[in-house]
Amino acid sequence: MSSNFPVRVDHSMEALPSDAPIRQVYPADLCPGGSYAPLPHGRVRYWILGPEDGTKVVLIHGVSTPSVSWKAIGPYLAQNGFQVLIYDLYGKGYSEAPHVPSDATLFVTQLALLMQYVRWDAAHIVGFSMGGGVAAAFTASLPHLVAGKTILIASAGLMETTPLSPTAVSSKVALLQYQELRQLQSSELPGYKRSLASCFTDGPIRGLQSTFDKLANLSVGPASKPLEVLIIHGTDDGIVPYEEANKIKARVPQAEVITVEGAGHDLVLRDEHWKIVADAIVHFLED
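Cut-offs and rules
- Residues numbered from 1 in each chain as written.
- Predicted model: local features only at pLDDT ≥ 70, side-chain atom pairs only at ≥ 80, totals over all residues.
- Heavy atoms only, no water.
- Salt bridge = Lys/Arg side-chain N within 4 Å of Asp/Glu carboxyl O.
- Helix = DSSP H or I, 4+ residues; strand = E, 2+ residues; numbered from the N terminus.
- Buried < 20%, exposed > 50% of the residue type's maximum accessible area, 1.4 Å probe, protein only.
- Phe/Tyr/Trp six-rings, centres within 6.5 Å; stacked < 30°, edge-to-face > 60°.
- Lys NZ or Arg CZ within 6 Å of the ring centre and 35° of its normal.
- Pairing = 2+ DSSP bridges.
- Axes fitted to C-alpha atoms, helices over the stretch in contact; angles between N-to-C directions.
- Contact = heavy atoms within 4.5 Å.
- Expected span 1.5 Å × (residues − 1).
- Right-handed = clockwise from strand over helix to strand, strands pointing away.

**Student:** How should I be thinking about the pattern of salt bridges in this particular structure?
**Tutor:** When the charged atoms of two side chains with opposite charge come close together, those side chains can pair. Taken as a whole and judged by the stated rule, the model has 8 salt bridges. Put simply, Glu-14 and Arg-43 hold a salt bridge, and the shortest N to O gap is 2.7 Å. With Glu-14 in the loop between β1 (9-10) and α1 (21-25) and Arg-43 in strand β3 (residues 42-49), this pair connects stretches of sequence that are 29 residues apart. Between Glu-228 and Lys-149 there is a salt bridge, with the nearest N and O atoms lying 4.0 Å from each other. Of this pair, Glu-228 sits in strand β11 (residues 228-234) while Lys-149 sits in strand β8 (residues 146-153); the two residues are 79 residues apart in sequence, bridging distant segments of the chain. Judged by relative accessible area, which is 6%, Lys-149 ranks as buried.

Take a look at the structure:
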């Protein structure tokens with residue numbers, strides 16, 4: 001356990017031996033340009049990819065699989081001229097786990113302080129799964145930091161009837177290496193299990209109705225432009241059902257919806273779907 005001021009934290013993967021099995025699944029040098037930000041709620045692992053003069057984009061991962069979720073899409077966006085910020089949410093991967101609730105406020109504050117640390121004035125925001133809830137909350141809370149567009153991929157945030165739990169999520173993961181990553185985080189990172197449990201009770205997975213409502217008539221960024229929203233969702237998502245996309249669209253009428261036929265919740269990683277998602281992001285941001 002670390003004693004970093006001002007919040008007590010549990011260690012991240014950074015504290016594990018370099019030959020730890022978990023580091024083989026998810027290496028610290030996942031992408032070039034990696035570093036740590038010493039923020040008030042703990043050290044945060046982040047990577048900045050792509051040209052310095054590229055359009056700035058933030059990628060926010062989901063509830064249990066950290067930034068390795070973006071191992072294909074992040075570099076692809078960088079190759080297409082975007083400057084991309086990828087980071088581990090608190091309590092996941094290489095970011096420490098503070099002893100505070102893993103709620104929307106924690107994650108919104110984390111991203112705001114990280115953007116300040118790397119000196120980004122504004123960026124387009126992309127969130128996957130619970131990261132979609134984080135992206136929505138960040139956009140609604142701090143619209144001046146959003147460059148103009150928010151993208152929600154298989155987004156949680158409005159879930160009510162579907163019972164979600166860490167066990168249910170793990171049992172529905174199709175890609176076995178990332179099932180292994182969840183298990184290794186649980187066994188080797190004491191803060192991960194605590195943080196994960198808090199995400200399911202306190203986190204931006206459900207209860208964000210008023211947050212999404214704010215997105216409907218929101219002006220964002222330094223130029224105070226109307227917010228543009230893209231929703232991307234797979235038809236065969238067994239964790240965040242496709243109907244959640246329609247629920248978000250009902251509250252954010254200006255949103256465009258892209259349906260990925262046959263895609264499950266792992267659409268940002270699966271070989272047959274990630275490029276569909278990446279191309280949709282590129283097209284939307286360049287439009």
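After that view of the structure, there is still more to cover.
**Student:** Can you help me understand the packing of aromatic side chains in this one?
**Tutor:** Each aromatic ring pair is specified by the distance between its two centres and by the angle formed by the two planes. Here the structure, examined in full by the defined rule, presents 5 aromatic pairs. Taken together, a centroid distance of 5.0 Å and an interplanar angle of 70° make the contact between Tyr-26 and Tyr-94 edge-to-face. With Tyr-26 in the loop between α1 and β2 (34-39) and Tyr-94 in the loop between β5 (83-87) and β6 (97-98), this pair connects stretches of sequence that are 68 residues apart. As far as the burial class goes, Tyr-26 and Tyr-94 line up, both buried. Note on Trp-70 and Phe-128: the rings are 6.3 Å apart at their centroids and 80° apart in plane angle, and the pair reads as edge-to-face. Of this pair, Trp-70 sits in the loop between β4 (56-60) and α2 (73-79) while Phe-128 is found in strand β7 (residues 123-128), placing the two residues 58 residues apart along the sequence. Judged on exposure class, the residue Trp-70 and its partner Phe-128 are both buried. A network of ring pairs unites the aromatic residues Tyr-26, Trp-47 and Tyr-94 as a single cluster. Across from the ring centre of Tyr-36, 4.5 Å away, lies the NZ or CZ of Arg-43, which sits over that ring. In this structure, Lys-149 packs its charged tip against the face of Phe-284, placed 5.1 Å from the ring centre.

**Student:** Just checking my understanding: could you explain the sheet that holds β2 for this structure?
**Tutor:** Whether parallel or antiparallel, the strands of a sheet pair through hydrogen bonds between backbone atoms. With mixed pairing, 8 strands are arranged side by side in an open sheet as β2-β3-β5-β4-β7-β8-β11-β12. A single partner strand is all that each edge strand has here, and the edge strands are β2 and β12 (256-260). Pairs of neighbouring strands in the sheet enclose a mean axial angle of 20°, with direction left out of account. Across 5 bridges, the pairing between β11 and β12 is parallel. What sits directly across from His-233, in β12, is Thr-259. Relative to the sheet, helix α9 (residues 243-251) contacts β8, β11 and β12, its axis offset from that of β11 by approximately 165°. Contacting β4, β7, β8, β11 and β12, helix α10 (residues 274-286) runs over the sheet at an angle of about 155° to β8.

**Student:** How should helix α3 (residues 104-117) be read in this particular structure?
**Tutor:** Helical geometry: 3.6 residues make up each α-helical turn, so side chains three or four residues apart lie on a common side. Here α3 contains 14 residues, and its C-alpha end-to-end distance of 20 Å stays within 8% of the 20 Å for a straight helix at 1.5 Å per residue. For α3, the complete set of buried residues consists of Ala-104, Leu-106, Phe-107, Val-108, Gln-110, Leu-111, Ala-112, Leu-114 and Met-115.

**Student:** I would appreciate a short explanation of the pairing of β8 in the present structure.
**Tutor:** A regular strand carries its side chains on alternate faces of the sheet. Among the 8 residues that make up β8, 7 are buried, leaving the element largely enclosed by the rest of the structure. For β7 and β8, the ladder comprises 5 bridges, and the chain directions are parallel. The residue of β8 that forms the bridge with Ala-123 is Val-146. Between β7 and its parallel partner β8, the chain crosses via helix α4 (residues 130-141), and the hand of that crossover is right-handed.

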